[in-house]
Amino acid sequence: MFNRRTTLSKFLIEQLKGSPDSNALAALLVDVAAAIKAISAVAAKGALDGNTGSLDTQNVQGETQKPLDLLTNEIILRHCDWGGLVAGMASEEMEQPFDIPGEYSRGRYLLLFDPLDGSANIDLNVAVGTIFSVLVHDRDDAPVEADYLQPGNRQVAAGYAIYGPSTILVLSVGQGSHGFTLDKEIGNFILTHPNLRVPDETDQFAINTSNERFWEPPMQRYVEECKAGKTGPRGRDFNMRWIASMVADVHRILIRGGVFSYPRDNKAPNKGGRLRLLYEANPMAMLIEQAGGLASTGRNRILDKQPEQLHQRVPVILGSKCEVERIERYHREFDDGTDQPFVSPLFNERSLFRPEARA
Ligand code: F6P
């Protein structure tokens, strides 16, 4: 049985055969996978290693850091800085990109990552994850921040790990999205979920509805209609899920389908969304699209968005094709002024659309 299994290394050699610089990219992804194994071990220790609770420090986004945010950031840096494969790295936990130390040679890849996504959940023993994106650095010089500002359609690889009851790595090098489960006894990632597919249709949506009053009208319309279920214009019931850990919510969509949204809101209008474009939205968008789904800001394809800043945020709507297309349509209709007010049969004393919100 063991000798029939496809390990991550075997898979990468086969998938990248014939593509330029395939050995280096495969070697980098194996280094990232090694870091993920180390993070999996650390995360599984929970409070035993004293790594729960919060620190007094904040990251560049102004979020309180957890001990594991810093430790996992360091684990990825140390697994990937020495091998001559990356030209530089950027992370949610570092304001500036990380330069490869002088004693090591530089490679041609840029690695961008969120080392511990959903870390607010770690004290609750709820699934957390690591998200990463790989870009090419074409110049010989050491990269500067501008070199990282490439649209997601230029990613040569993207993936995430989810640390749940098992550790699963989901990866794409542009030929589908594939899942590997960590066999802890032998220390290998084994291909267990080849060719993940997001179904076109779904009856599940994921969104933090406590922000509803801050959303734009097209998003309010969409969620109101889902909640109205059989009694509303959709004519069928929907179910809602929100784990508040993007890896876990996206993983559910890749396994079961659904639509995940962290839309634009006017809570902090200058931020343009909650999730970070370069190391959260772009890699997840690539994985979802490679699995047959769509990923949008509501108005544009996420992967075509030209980044302007390293830690830029973006509205994210991704998952089953028909639902993402519908949400995009609601945004278009709102922008054109052709949308129809939706009056809930349950709460029909008010219209969802506030005329002043369109101004
Ligand atoms: O990185 C941000 C993140 O933790 C995501 O993993 C998750 O989807 C989101 O924030 C949860 O946000 P909220 O706490 O507003 O529900």
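What you see is a predicted model, and the numbers here were worked out from it, not measured in a lab.

**Student:** How would you explain the sheet that holds strand S1 (residues 86–91) if you had to name every residue and give the values?
**Tutor:** The strand order across the open sheet formed by eight strands is S2-S1-S3-S4-S5-S6-S7-S8, and the pairing between neighbours is mixed. Taken across any chain shown, the strands that pair with only one partner, and hence form the sheet edges, are strand S2 (98–99) and strand S8 (188–193). Summarising the sheet, strand S6 (residues 167–172) and strand S7 (residues 178–183) pair through four bridges and their orientation is antiparallel. Each bridged residue has a counterpart across the sheet, and for Ile168 the counterpart in S7 is Thr181. Sheet contacts for helix H1 (residues 8–16): S6, S7 and S8; angle to S7, the most-contacted strand, approximately 155 degrees. Docked against the sheet, helix H6 (residues 246–256) engages strand S3 (109–117), strand S4 (128–136), strand S5 (157–163), S6 and S8, running at close to 105 degrees with respect to S5.

**Student:** Could you give an account of the packing of helix H5 (residues 217–228) against helix H8 (residues 321–336), with specific residues and numbers?
**Tutor:** Where H5 meets H8, the closest approach of the two axes is 8 Å, and the angle between their N-to-C directions is 135 degrees. Put simply, H5 runs oblique to H8. The hand of the H5/H8 crossing is right-handed. Across the interface between the two elements, Pro217, Pro218, Met219, Arg221, Tyr222 and Glu225 of H5 pack against Glu323, Arg326, Ile327, Arg329, Tyr330, His331, Glu333 and Phe334 of H8. Partitioning the contact of H5 with H8 into residue classes produces seven nonpolar, one polar and six charged.

**Student:** Describe the packing of aromatic side chains, naming the residues involved and giving the relevant values.
**Tutor:** In this structure the tally under the stated criterion is four aromatic pairs. Measuring from centroid to centroid gives 5.4 Å for Trp242 and Phe260, while their planes differ by 20 degrees, and the two rings are stacked. Taken together, the positions of Trp242 in the loop between strand S10 (239–240) and H6 and Phe260 in strand S11 (residues 259–262) put the pair 18 residues apart, joining distant regions of the chain. Owing to a relative accessible area of 25%, Trp242 belongs among the partly exposed residues under this scheme. Taking the relative accessible area as the measure of exposure, Phe260 reaches 1% and is therefore buried. Ring-pair connections join several aromatic residues into one group, and the members of that group are Trp242, Phe260 and Tyr262. Arg221 extends its terminal NZ or CZ atom over the ring of Tyr330, reaching a point 3.7 Å from the ring centre.

**Student:** Now, about the pattern of salt bridges: what can you tell me, with residues and values included?
**Tutor:** Any two side chains of opposite charge can pair, given that their charged atoms come close. The final tally for this structure, using the stated rule, is 24 salt bridges. Residue Arg108 is joined to Asp21 by a salt bridge in which the shortest nitrogen-to-oxygen separation is 3.2 Å. Taken together, the positions of Arg108 in the loop between S2 and S3 and Asp21 in the loop between H1 and helix H2 (22–45) put the pair 87 residues apart, joining distant regions of the chain. Residue class for Arg108 comes out partly exposed when judged on its relative accessible area of 32%. The class for Asp21 is partly exposed, based on a relative accessible area of 33%. The salt bridge partner of Arg78 is Asp81, with a shortest N-O separation of 2.7 Å. Taken together, the salt bridges that share partners define one network made up of Glu216, Arg264, Arg299 and Asp335.

So, how was this worked out
- Position labels on residues start from 1 in each chain and follow its written sequence.
- Two thresholds apply to this predicted model, a pLDDT of at least 70 for residue-level local features and 80 or more for giving and counting side-chain atom pairs, whereas whole-chain, interface and lining totals are computed over all residues.
- Heavy atoms throughout the structure, all of them, feed into the side-chain values; hydrogens and water do not.
- For two strands to count as paired, DSSP must find a minimum of two bridges between them.
- Helix and strand assignments follow DSSP, with helices taken as H or I runs no shorter than four residues and strands as E runs no shorter than two, numbered in order from the N terminus.
- Contact between two residues is taken to exist if any of their heavy atoms lie within 4.5 Å; hydrogens are not considered.
- Angles run from 0 to 180 degrees between N-to-C directions of axes, and those axes are lines fitted to C-alpha atoms, restricted for helices to the stretch in contact.
- Orientation labels follow simple angle bins: below 35 degrees gives roughly parallel, above 145 gives roughly antiparallel, 65 to 115 gives roughly perpendicular, and whatever is left gives oblique.
- Note on convention: near helix rotated counterclockwise from far helix by under a right angle means a left-handed crossing. Clockwise means right-handed.
- Each residue is assigned to one class: nonpolar for Ala, Val, Leu, Ile, Met, Phe, Trp, Tyr, Cys and Pro, charged for Asp, Glu, Lys and Arg, and polar for all the others, Gly among them.
- Centres within 6.5 Å make a pair out of two Phe, Tyr or Trp rings, where for Trp the six-membered ring is used; the pair is then stacked when the planes are under 30 degrees apart, edge-to-face when over 60, and tilted otherwise.
- Burial here depends on accessible area, computed with a 1.4 Å probe over protein chains only, as a share of the maximum for the residue type. Under 20% is buried, over 50% is exposed, and the range in between is partly exposed.
- Whether a charge sits over a ring depends on NZ of Lys or CZ of Arg being within 6 Å of the ring centre and within 35 degrees of the ring normal.
- For this analysis, a salt bridge means a side-chain nitrogen from Lys or Arg found within 4 Å of a carboxyl oxygen belonging to Asp or Glu.

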